[in-house]
Amino acid sequence: MATRTIDQLLEEMTLDEKIGQLNLVTAGQAVTGPIGNGDIDENIRGGRIGGVLNLWGRENIGAAQRLAVEETRLGIPLFFGFDVLHGHKTIFPIPLAEAGLFDPALWERSARAAAMEAAADGLDLTFAPMLDVARDPRWGRIAEGPGEDPLVAAVFAKAKVRGFQGARLSDRNAVAATAKHFCAGGATLAGREYAPVDVSERTLREVYLPPFQAAVASGCAAIMPAFNSVNGVPMTMHRELLTGYLREKLGFAGLFVSDYTAISELVQHGVAGDLVEAAALALAAGVDVDMVSGAYVNGLKEALARGLVALEDINRSVRRVLGFKQDLGLFDDPYRRLAPNDISRREIEELARDVARRAVTLLTNNGVLPLSRGLRRLAVVGPLANARGEMLGPWSAAGAPENCVAILEGLKRALPETEIVFHPGCGVDDDDRSGFEEAIALCAKSGAVALCIGEAANMSGEASSRANPALPGVQRQFAEQVLATGVPTVAVLSSGRPLMVSWLAEKAQAMVATWFLGDQAGAAIAEVLTGGFNPTGRLPVTWPRETGQIPIFHAVRSLGRPFKAADPFTSKYIDLSPEPLFPFGHGLSYAKVELANLRVSPQEFSVTNEIEIMVEVDAKNTGSIPAHETIFLFVHDVVASVARAGMELKDWAKAELAPGETKTIGFRLGKESFEFLDKALETCCEAGEFEILVGFEADRSTALSVRVRSFD
Ligand code: BGC
């Protein structure tokens with residue numbers, strides 16, 4: 001590019017070469033969708049490809065890049081993309097697990113580490129972060145994102161974009177980020193993958209757009225429209241939201257990359273008569289790059305001939321693709337990411353272990369945890385006890401089971417004095433009970449049981465919705481027999497979503513959510529179970545008791561007849577409590593911290609001025625071990641012109657406390673914490689009363705609260 005500007009290049013390009021730049025094809029080294037793209041080498045040589053996904057490794061990428069640079073007429077380099085969602089080679093906890101750290105600095109560091117590994121493998125672009133707020137655990141993709149809360153998702157978005165992209169996209173260690181899937185996929189009909197979304201304009205703006213707004217504000221290089229339609233309009237052709245909202249209102253200057261075959265799927269959506277119309281609709285909406293569907297290479301020329309698109313629209317997208325390649329530094333050196341960078345495998349592994357142990361969430365504990373180091377015999381049973389590959393979870397990029405520490409292995413290393421006996425008992429998802437007896441006999445002869453159950457890695461993520469997200473197969477029957485032995489049992493759950501296990505929470509002596517923790521799963525879980533690490537993970541999603549409660553989340557709008565157990569005419573079920581099994585933010589530790597003395601200053605403020613409210617609370621460690629707590633702050637607008645949520649997350653803070661220590665934890669609330677969308681969906685801040693709630697989880701009954709008043 002030193003010699004040619006993008007405009008000059010555009011002048012030299014034929015229409016076919018231009019359309020070729022908009023074509024992103026899959027190389028099939030990893031399979032993330034239904035079809036392949038034929039002879040890629042030949043198409044690269046012919047200038048019919050602008051980028052490749054699902055290919056990694058210096059040799060593979062180097063060879064493809066050489067074809068583009070040396071054997072095409074104009075020598076325009078390709079870009080290479082891949083789904084690096086939670087690590088490239090070193091696999092970190094799945095995003096849902098990592099969200100539970102509530103730690104933006106670590107969110108950023110893990111993305112930086114993943115970017116360095118991915119860049120060293122030749123990759124320019126990751127299709128991450130996934131920013132779908134998700135409130136429905138039937139939807140398998142809840143695993144890929146930051147959970148139920150828009151503020152958490154927005155903070156997560158910023159941290160991940162910074163982490164992936166670093167200071168400059170052209171750095172050899174940087175990979176461009178793709179915020180996806182825009183938008184509202186988490187509200188998919190009945191939790192079913194690829195289903196339509198019907199969502200109010202208010203909820204769209206309050207819940208589903210803010211994470212993408214944050215990604216744009218952080219300079220995210222690309223955005224992927226979702227597969228789903230929103231209120232009847234498939235996102236791949238949603239001009240109002242893509243071009244109107246993101247580009248024109250928020251000033252997004254990056255690339256719109258379609259999802260996998262999503263452009264041709266406009267035909268199945270029933271909004272395009274053929275591939276040509278589909279291509280025209282997507283381009284008109286602003287979608288620059290066609291991932292895999294071939295609609296652009298096979299349809300845009302004809303669309304031009306039919307007068308469905310303007311050449312200027314094609315030029316506009318080509319300019320963006322070339323600009324993207326320029327920003328990545330590919331015109332200066334197409335092979336810039338094909339050299340080893342200064343990543344240290346050992347440092348990344350340590351980081352992965354730290355993130356993994358911090359993500360482990362202790363849900364219940366009657367005192368059996370931490371396991372006593374004097375334990376003579378521990379039975380480690382269940383189909384996920386010795387299942388290295390499953391620990392990777394969905395979207396495990398270039399990860400490998402052989403790099404993984406199984407739970408069994410982790411416990412053996414952490415408890416060298418204890419005799420550890422193992423039996424899987426049953427499979428994850430079959431009806432074979434033949435292993436029950438032997439496994440139960442081992443449990444009966446042990447001092448404690450680690451019951452390792454849950455889902456297989458491929459039971460969450462894309463195309464893995466579950467109508468009944470309970471323990472699959474005969475695991476419940478197996479667990480019930482283990483519990484019937486009376487031996488103290490710790491249920492260690494692996495899953496990509498909250499599982500419907502209220503019966504287990506009642507019966508097991510302790511229950512731990514480990515999600516999918518990646519390479520260091522076993523080491524991290526063992527550290528927590530044996531007390532080597534005091535658990536810190538918190539739930540980024542509300543955990544339901546039963547599927548019938550879904551969707552369930554903490555920030556529910558106030559209603560006329562709130563739930564009262566004794567009053568039948570209140571909002572409830574006649575066959576089940578409406579309360580979740582565990583609220584958002586829940587997560588126990590081995591330490592004991594108490595909050596007291598919540599205060600706020602000033603207590604009155606004018607909505608017409610700048611607002612700065614200081615909220616303080618004293619946190620005291622009343623136990624005998626160091627504590628690491630997450631403290632949440634919620635606001636409730638008591639009387640507003642529209643019904644507001646009873647608890648809306650506005651901030652959180654961390655407290656590190658030595659035994660006996662008391663610290664004052666402070667929060668600073670600005671105007672945005674009191675603003676909302678009025679009846680006309682305009683941002684406003686009204687005079688009136690606000691309740692500020694501070695606590696360890698989204699539970700009014702345990703939170704401290706104080707009121708402030710605003711005036712005009
Ligand atoms: C998924 C995207 C992913 C893409 C490429 C699609 O099926 O929905 O999240 O980035 O495949 O692998």
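Reading the values: the criteria
Residues numbered from 1 in each chain as written. Predicted model: local features only at pLDDT ≥ 70, side-chain atom pairs only at ≥ 80, totals over all residues. Heavy atoms only, no water. Helix = DSSP H or I, 4+ residues; strand = E, 2+ residues; numbered from the N terminus. Expected span 1.5 Å × (residues − 1). Buried < 20%, exposed > 50% of the residue type's maximum accessible area, 1.4 Å probe, protein only. Core = buried A, V, L, I, M, F, W, Y, C linked by side-chain atoms within 4.5 Å. Domains from an automatic or database assignment. Contact = heavy atoms within 4.5 Å. Buried area = accessible area lost by both parts, 1.4 Å probe. Salt bridge = Lys/Arg side-chain N within 4 Å of Asp/Glu carboxyl O. Polar contact = N/O pair within 3.5 Å; in protein donor to acceptor, adjacent residues only side chain to side chain.

### Focus on helix H13 (residues 311–327)
Helix length check: H13, at 17 residues, gives a terminal C-alpha distance of 24 Å against a target of 24 Å (1.5 Å per residue), a fit within 8%. When we look at burial in H13, the residues that qualify are Ile-314, Asn-315, Arg-316, Ser-317, Val-318, Arg-320, Val-321, Leu-322, Gly-323, Phe-324 and Lys-325. Following H13 by one or two positions, Gly-329 has its phi on the positive side, about 80 degrees.

### Structural notes on the nonpolar core
One finds Phe-182, Tyr-296, Leu-369, Leu-411, Leu-504 and Trp-543 to be the most contacted residues of the largest nonpolar core, which totals 220 residues. When residues are assigned to domains, this core turns out to be shared by domain 1 (351–548) and domain 2 (593–711), each giving three or more. What Phe-182 contacts, discounting residues up to four positions off in sequence, is Leu-209, Phe-212, Ile-223, Met-224, Pro-225, Ala-226, Met-235, Leu-241, Leu-242, Tyr-245 and Leu-246. Grouped together as the second largest cluster of nonpolar side chains are 29 residues, Ile-611, Ile-665, Cys-685 and Val-708 included.

### Overview of unusual backbone geometry
Geometrically, the link from Ala-128 to Pro-129 is a cis peptide bond, its omega value of 5 degrees lying close to zero. For the bond from Lys-180 to His-181, the omega torsion is -10 degrees, close enough to zero to count as cis. Phi is positive for Asn-54, close to 65 degrees, though the residue is something other than glycine. Mapped onto the elements of the fold, Asn-54 is located in the loop between strand E2 (51–53) and helix H4 (58–71).

### Looking at the domain arrangement of the protein chain
Once the domains are mapped, the protein chain shows domain 1 (351–548) and domain 2 (593–711). Each side of the interface is counted separately: domain 1 has four residues, and domain 2 has eight residues. When the two sides are added together, the surface that domain 1 and domain 2 hide from each other amounts to roughly 440 Å², 40% of it contributed by carbon and sulfur. The largest per-residue losses of area from domain 1 upon contact with domain 2 belong to Asn-534, Thr-536 and Arg-538, which jointly make up 88% of the total buried on that side. Where domain 1 packs against domain 2, one counts one salt bridge. A salt bridge links Glu-629 to Arg-538; its shortest N-O distance comes to 2.4 Å. Here domain 1 and domain 2 share four residue pairs in polar contact (both at pLDDT 80 or more) between them.

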